[in-house]
Amino acid sequence: MNSIERKEKRYLRRKNKRLEKNISRSNLYGNINTAFCFHKVMYYADLCCKGVSFKRSTQNFKLHLFTTIATTCRNIKENKYKVSNTYQFIIHERGKIRVIDAPYIKDRLVHKVLSNEIINPIYLPHFIYDNGASVINKGFHFSMKRVKEKLRTWYRRYGYYGYICLVDFSKFFPNCSHDVIRSIHKRYILNSYTRKVIEDYLFIKPGLSLGCEIAQKEALMLPYILDHYIANKYPIVRFMDDSFFIVKNKEEASSILEEYEKLASSLKIIINKKKTKIIPITEYFTFCKWKYKLLDDIILCIPCKDTLYRERRKLRKMIRLSLLNSEIYTTYVSFLAYLSIGNSYRYCLVLKNIYSFVKL
């Protein structure tokens, strides 16, 4: 037996182990009957009501809580459920208009159970460690720290020799392919009825809906092949549809991006070429609305000016309209906490000067 045959055998052994793990994980978590138990659904019903108890729909839901939970469990297990329509509302997020398709509280309860009892334990082992969005004990602060750690580690090994690749997906949620998601389901969720329930609640419109909890998890899982392709070679951080990784030279960066685009097109993901950039590691670069700069072993982290201008206009308008001081204070303190996670001392002073006009 030569070295090539030995490598092939090792690869087959690893592949079989991965398949066995997928099968055992699917058998353990991918069963509707074990997920939709009364006590589990009751726990997620309490979570659904958290923070929205003032709503009339939530209060009606609480009045008939036991009956609703029992009916939901029975209908899901007996294939008698009916997915309700969503209600739409528009939010302005950092100057962008986003249409949110929010499910009603009865469907939101099913989403929570599917997400936390089935999708999370099956999908989480396949995410790279540096994927911080919508993952327990991670988040935006985690991704910021990982970017700094990657830059610091790279500087200690290679100095200022390197390039930053920033990748952004174009209209990620509306362009998510149902066929690709179905193929992922067939690979990792072996129970056909479980797949049917998830897809009935997930595919309520073309692409994925902003506002559905299970849509967040599916959007995280969709480009996992791209993450592993980069993570096997270079340091990478991904936060939802924004990715950041470091390569040694510009030619290597352009060739990697070409392969990355080919893989993305096979997953029917569209790369936003305006926001996808190759930047020298010595220059400022923007990732998730924060600017980073490598200065020896120190990483500067400054918020984008647009963010500060927008918040400044918002505070001034609130003061001009003579809103409640408590509302202005809440807005001021929340944004001050956001600024405090980076090097933004001067920006904090600007906000404090604006807020000094408010009479408490």
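What you see is a predicted model, and the numbers here were worked out from it, not measured in a lab. (Residues numbered from 1 in each chain as written. Predicted model: local features only at pLDDT ≥ 70, side-chain atom pairs only at ≥ 80, totals over all residues. Heavy atoms only, no water.)

Novice: Mind showing me how you'd approach the sheet that holds strand β9 (residues 298-303) here?
Specialist: Whenever strands of a sheet pair, they do so through backbone hydrogen bonds, lying parallel or antiparallel. Pairing is antiparallel across the open sheet formed by three strands, whose spatial order is β7-β8-β9. Two strands bound the open sheet, and with one partner strand each, they are β7 (285-287) and β9. Neighbour-to-neighbour, the strand axes of the sheet open up by a mean angle of 35°, direction not taken into account. Here strand β8 (residues 290-295) runs beside β9; their pairing, made up of six bridges, is antiparallel. The residue of β9 that forms the bridge with Trp290 is Pro303. (Pairing = 2+ DSSP bridges. Helix = DSSP H or I, 4+ residues; strand = E, 2+ residues; numbered from the N terminus. Axes fitted to C-alpha atoms, helices over the stretch in contact; angles between N-to-C directions.)

Novice: When you look at the packing of helix α6 (residues 105-123) against helix α10 (residues 213-221) in this model, what are you seeing that I'm missing?
Specialist: When two helices pack together, their arrangement is given by the angle between the helix axes and the distance between those axes. It is the contact of α6 with α10, at a shortest axis distance of 9 Å, that shows an interaxial angle of 20°. Taken together, α6 and α10 sit at an angle that is classed as roughly parallel. Crossing of α6 over α10 shows left-handed handedness. Residues His111, Lys112, Leu114, Ser115, Asn116, Ile119, Asn120 and Tyr123 of α6 touch α10, and the partners they reach there are Glu213, Ile214, Lys217, Glu218 and Met221. Tallied by class, the residues present in the contact of α6 with α10 amount to five nonpolar, four polar and four charged. (Parallel < 35°, antiparallel > 145°, perpendicular 65-115°, else oblique. Left-handed = near helix turned anticlockwise from the far one by under 90°. Contact = heavy atoms within 4.5 Å. Nonpolar A, V, L, I, M, F, W, Y, C, P; charged D, E, K, R; others polar.)

Novice: Any chance you could explain helix α1 (residues 3-29) here in plain terms?
Specialist: Residues that lie three or four places apart on an α-helix share one face, since the helix turns once every 3.6 residues. Compared with an ideal rise of 1.5 Å per residue, which puts 27 residues at 39 Å, α1 spans 39 Å between its outermost C-alpha atoms and is within 8% of the ideal. Along α1, the residues classified as buried are Asn22, Arg25 and Ser26. In this structure, the buried side of α1 is in contact with α6 and α8 (178-188). Measuring from the side-chain oxygen of the N-cap residue of α1 to the backbone nitrogen of Ile4 gives 3.3 Å; that N-cap residue is Asn2. (Expected span 1.5 Å × (residues − 1). Buried < 20%, exposed > 50% of the residue type's maximum accessible area, 1.4 Å probe, protein only. Polar contact = N/O pair within 3.5 Å; in protein donor to acceptor, adjacent residues only side chain to side chain.)

Novice: Before we go on, may I ask you to explain the pairing of β8 in this structure?
Specialist: Walk down a regular strand and you will see the side chains alternate between the two sheet faces. Alignment of β7 against β8, held across three bridges, turns out to be antiparallel. Bridge assignment links Thr286 to a residue of β8, and that residue is Lys291. In this antiparallel pair of consecutive strands, β7 and β8, the connection spans two residues, and Cys288 shows a positive phi of 55°.

Novice: Which parts of the structure should I look at to understand the sheet that holds strand β5 (residues 242-247)?
Specialist: The four strands lie next to each other as β4-β5-β3-β6, forming an open sheet whose pairing is antiparallel. The strands lining the two open edges of the sheet, one partner per strand, are β4 (236-239) and β6 (277-280). Each strand of the sheet is rotated relative to its neighbour by a mean of 20°, with strand direction disregarded. The sheet contacts of helix α7 (residues 140-158) involve β3 (163-168), β4 and β5, and relative to β4 the element is tilted by about 165°.

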